[in-house]
Amino acid sequence: MDIKYILPFLDGLKNILEQFGMVGIERSGLYKKDYMAVDKDVTAIIGIVGELRGNVAYSMSQDTAKNIVSSMMMGMPVEELDEVARSGIGELSNMVTGNASILLSENDVNVDITPPSIVFGSDIYFIISSVDTITVDLKTPAGEVEVNIGLEI
Amino acid sequence: MDMVSVDMKKLNGLLNRAVIDVITTMTGFDVEDDPDCSQFAEFESVETIIGVMAVFGSIDAVVALATDINSSKLIVAYMTGIMPTDLTDEDVHDGMAELVNMLVGRVKADLVREGLDLSITSPFSISGTNIEMVFKDRENRICRRFIAGDVEMFLSVAKI
Amino acid sequence: MKIMTVDDSAIVRKIIRSAVEVLDYEVVEAKDAKEALDILEDEYEDIALILLDWNMPGMDGFEMLELIKKDKHLRHIPVMMVTSETGGENIIKAIQTGATHYLVKPFTIEELTKRILECLGRG
């Protein structure tokens, strides 16, 4: 999988988190999976159509999600992932998606990106089979975010 | 040129018919539908599996087919001819994703033939307990219940 | 003899496997065109029929059909397209290119079995 398809989804997240003061984001792992499987409690999934077809999923633990929403709200403590906090994660995903979409078009990759669906739950197992997936672990000040990029290329 | 368009109501109608056709064909179940979706809430406490796919273009929407784990095993067992006890988690996930793929693919083909511009994303599936899916547009969501013997399924279509 | 299924969905391959095994054929599975062509290079003499999906990552089923029908070792192998592509022009395109049959997903096991037998000249 060409790096030019992967970087916009990582940089998109980095750019947006930085806007909320979360600096010093590091890549802590990058590996290839035969299929996309995620077992974290909060996952935002976006679909990609056009020149590329596939899905990108951003997954994190509930604690990481709470920390991110707290940063988005100028440090206000977030005790639980209630409706407000959930919509915060939704907003964040929209921003990341929008940013990634701009970065892709700057690289002359013409795709449409669907708005995110966000899945909350416990013991979640999320799977996209038969698509080669690149998984990137990002260390952020809010906690770890796992980015899974599964594209049919 | 005639304007071709699709709204949520039409998309939902086509999908409902596709659910019945696809599941009946693939499993041999006798599927009935029910507009009352209120039981969906009870689903939150049991382990659920959802096959999901998005359509994009003339209309942007997410299509989700949800059922409890035991029902999903039964559905995939009938699809494949493999005993429910011999099915792996991956089989069940694949089976639910493929069902959604078939029903959305069929509806897309119908709409494209009418002149609409539609793309479909790759299907995926999610399992877990207390699953909740949140979309950008909270209001525009249509749900329908399907029953085949002890198997209960919910199709939810949400505008994104 | 063997029957090959080329489909990116593992579950579709399993469905096809259960139908084919009843007919006493061995099943060879490939998840995309590339894997299928690699297998065919070694095993083409043993393959009695190819069941080919249309929409797959990488090379699509139609392109693979074209390759098969241009190859002197492979072109005699009957190919049945098994796909959710229902467009009439696609069916015509596939048949003109040399596909023996075209089966639209979803299908019943009975329908699949019947079509396989027809492709093998046992209908």
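This text follows the structure it describes.
Chemist: Please explain the overall build of chain B as it appears in this structure.
Modeler: Within chain B, the secondary structure is distributed over three helices and seven strands. N-terminal to C-terminal, the α/β element order of chain B is α-β-β-β-α-α-β-β-β-β. Overall, chain B is about 55 × 30 × 25 Å in size when its C-alpha atoms are taken along their principal axes. Each of the 160 residues in chain B was classed as buried or not, and the buried ones make up 57%. At a minimum sequence separation of 6, the contacts of chain B that also span at least 24 residues come to 71%.

Chemist: When you look at the interface of chain B and chain A in this model, what are you seeing that I'm missing?
Modeler: You'll often see interface size given as the accessible area lost when the parts meet. Across the contact, 26 residues belong to chain B and 31 residues belong to chain A. Both faces combined, the contact of chain B with chain A buries some 2400 Å², and carbon together with sulfur accounts for 56% of it. Across the contact surface, chain B and chain A share three residue pairs in polar contact (both at pLDDT 80 or more). Secondary structure elements with two or more residues in the side of chain B that touches chain A: strand S2 (48–57), helix H3 (89–113), strand S4 (118–120) and strand S5 (124–134) of chain B. At 11 residues, S5 of chain B tops the list of elements feeding residues into the side of chain B that touches chain A. Of the residues in the side of chain B that touches chain A, the class split is 12 nonpolar, nine polar and five charged. Bridging between strand S6 (residues 117–128) of chain A and S5 of chain B involves seven bridges; their strand directions are antiparallel. Note on S5 of chain B: the bridge partner recorded for Phe126 of chain A is Ile126 of chain B.

Chemist: I would appreciate a short explanation of the interface of chain C and chain B in the present structure.
Modeler: Taken together, the contact pairs 14 residues of chain C with 15 residues of chain B. Counting each side, the surface lost to burial between chain C and chain B is near 1300 Å², with a carbon and sulfur contribution of 63%. For chain C, the biggest contributors to the area lost against chain B are Ile11, Lys14 and Pro106 of chain C; these three give 43% of the whole. On the surface where chain C and chain B come into contact, there are one salt bridge. Note that Lys14 of chain C is salt-bridged to Asp91 of chain B, the shortest N-O span being 2.6 Å. There are three residue pairs in polar contact (both at pLDDT 80 or more) connecting chain C and chain B. Sort the elements by how many residues they give to the side of chain C that touches chain B and helix H1 (residues 10–22) of chain C lands first, with six residues. In the side of chain C that touches chain B, the residues fall into seven nonpolar, five polar and two charged.

Chemist: Looking at this model, I keep getting lost on helix H2 (residues 62–72) of chain A. Mind explaining?
Modeler: Since one α-helical turn is 3.6 residues long, residues separated by three or four positions face the same way. Residues and elements named next belong to chain A. Those residues of H2 that fall on the buried side of the exposure criterion are Thr64, Ala65, Lys66, Ile68, Val69, Ser70 and Met72. On its buried face, H2 sits against helix H1 (3–19), strand S3 (42–50), strand S4 (54–60), helix H3 (83–106) and strand S8 (143–151). Downstream of H2 by one or two residues, Met74 has phi in the positive range, about 55°.

Chemist: Just to check I follow, could you spell out the side chain of Asn148 of chain A for this structure?
Modeler: Counting through the fold element by element, Asn148 of chain A comes out in strand S8. Reaching out from Asn148 of chain A, the side chain makes a polar contact with the side chain of Thr135 of chain A at a distance of 2.6 Å.

Chemist: Help me understand the sheet that holds strand S2 (residues 26–30) of chain C in this model?
Modeler: Each strand in a sheet pairs with its neighbour through backbone hydrogen bonds, running either in the same direction (parallel) or in the opposite one (antiparallel). Residue and element names in this part refer to chain C. Pairing is parallel across the open sheet formed by five strands, whose spatial order is S2-S1-S3-S4-S5. Two strands in the sheet have a free side with no partner beyond their single neighbour: S2 and strand S5 (101–104). For this sheet, the mean inter-axis angle between neighbouring strands, taken without regard to orientation, is 20°. Alignment of strand S1 (residues 2–6) against strand S3 (residues 47–52), held across five bridges, turns out to be parallel. Considered in S3, the bridge of Val6 is made with Leu52. Its contacts with the sheet put helix H3 (residues 61–70) on S1, S3 and strand S4 (79–83), and the angle it makes with S4 is roughly 180°.

Chemist: Any chance you could explain the nonpolar core here in plain terms?
Modeler: In a soluble, globular protein the nonpolar side chains are often hidden away together inside. Counting residues in each nonpolar core, the largest one holds 64 residues, and the members touching the most others are Leu11 and Leu103 of chain B. One finds Tyr5, Ile25, Ile48 and Met72 of chain A within the second-largest nonpolar core, a separate group that totals 43 residues.

Chemist: It is not clear to me how the packing of aromatic side chains should be interpreted in this structure. Could you clarify?
Modeler: Two measures describe an aromatic ring pair: the distance that separates the ring centres and the angle between the ring planes. Scanning all chains against the criterion turns up three aromatic pairs over all chains. Centre to centre, the rings of Phe29 of chain B and Tyr78 of chain B are 4.9 Å apart; their planes meet at 65°, and the pair counts as edge-to-face. Note that Phe29 of chain B is positioned in the loop between helix H1 (8–27) and strand S1 (32–34) and Tyr78 of chain B in helix H2 (residues 69–80), a separation of 49 residues in sequence. The buried category is assigned to Phe29 of chain B, whose relative accessible area is 13%. Here a set of aromatic residues connected by ring pairs shows up, and it is made of Trp54, Phe62 and Tyr102 of chain C. Between the NZ or CZ atom of Arg86 of chain A and the centre of the ring of Phe120 of chain A, over which it lies, the distance is 4.4 Å. The ring of Phe62 of chain C has Lys93 of chain C lying over it, and the distance from NZ or CZ to the ring centre is 4.5 Å.

Conventions we followed
Residues numbered from 1 in each chain as written. Chains lettered and ligands numbered in written order. Predicted model: local features only at pLDDT ≥ 70, side-chain atom pairs only at ≥ 80, totals over all residues. Heavy atoms only, no water. Helix = DSSP H or I, 4+ residues; strand = E, 2+ residues; numbered from the N terminus. Buried < 20%, exposed > 50% of the residue type's maximum accessible area, 1.4 Å probe, protein only. Contact = heavy atoms within 4.5 Å. Buried area = accessible area lost by both parts, 1.4 Å probe. Polar contact = N/O pair within 3.5 Å; in protein donor to acceptor, adjacent residues only side chain to side chain. Nonpolar A, V, L, I, M, F, W, Y, C, P; charged D, E, K, R; others polar. Pairing = 2+ DSSP bridges. Salt bridge = Lys/Arg side-chain N within 4 Å of Asp/Glu carboxyl O. Axes fitted to C-alpha atoms, helices over the stretch in contact; angles between N-to-C directions. Core = buried A, V, L, I, M, F, W, Y, C linked by side-chain atoms within 4.5 Å. Phe/Tyr/Trp six-rings, centres within 6.5 Å; stacked < 30°, edge-to-face > 60°. Lys NZ or Arg CZ within 6 Å of the ring centre and 35° of its normal.

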